[in-house]
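For reference, the chains in residue letters:
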Amino acid sequence: MKILTAVIGFVLGALLLTPPAFAGDIAQGQQVFATNCVACHAGGRNVVQAQKTLQKDGLENYLENYGTEHNISAIVYQVTNGKNAMPAFGGRLTAEQIDDVAAYVNDQAEKGW
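Cut-offs and rules
- Residues numbered from 1 in each chain as written.
- Predicted model: local features only at pLDDT ≥ 70, side-chain atom pairs only at ≥ 80, totals over all residues.
- Heavy atoms only, no water.
- Core = buried A, V, L, I, M, F, W, Y, C linked by side-chain atoms within 4.5 Å.
- Buried < 20%, exposed > 50% of the residue type's maximum accessible area, 1.4 Å probe, protein only.
- Helix = DSSP H or I, 4+ residues; strand = E, 2+ residues; numbered from the N terminus.
- Contact = heavy atoms within 4.5 Å.

*Asks:* It is not clear to me how the nonpolar core should be interpreted in this structure. Could you clarify?
*Replies:* Ranked by size, the top nonpolar core spans 20 residues in total, and within it Phe33, Leu59, Tyr66, Ile75, Val79, Val101 and Val105 carry the most contacts. Secondary-structure elements contributing two or more residues to this core are α2 (26-36), α5 (71-81) and α6 (95-111). Looking at which element gives the most residues to this core, the answer is α6, with six residues. Beyond its immediate sequence surroundings of up to four residues, Leu59 is in contact with Thr53, Leu54, Tyr66, Ile75, Val105 and Ala109.

*Asks:* I tried to follow unusual backbone geometry on my own but got confused; where do I start?
*Replies:* Most peptide bonds take the trans configuration, and most residues that are not glycine carry a negative phi. Backbone geometry at Asn65 places phi at a positive 75°, although glycine is not the residue there. Residue placement: Asn65 occurs in the loop between α4 (56-62) and α5. Using a relative accessible area of 43% as the deciding quantity, one classes Asn65 as partly exposed. At Asn84, a position not held by glycine, the phi torsion is positive, near 55°. Assignment of secondary structure puts Asn84 in the loop between α5 and α6. Since its relative accessible area comes to 61%, Asn84 is described here as exposed.

See the structure below:
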């Protein structure tokens, strides 16, 4: 019984200490961006609503939960569901492609595009 309790404790501890995986591939995300996003967001800009850029301050101002530890999940949510003039890509892109493009956008925002 002690061994079973120890094993369960170890497994639960490992699960609780493992960070959530948003291991998007930035290089693949760049390809997804070039194919699906660049028409409106070239260079991190926004040709439809100029103030809503993909610059870090624009993402902080217009994406819920961006600027916290949830930056990539905030981008994933926006890309998946769309909002206002931005269409939802959840039906067009796979979850992996969305994770990849979110990683790319976040990386570019951190670098200042």
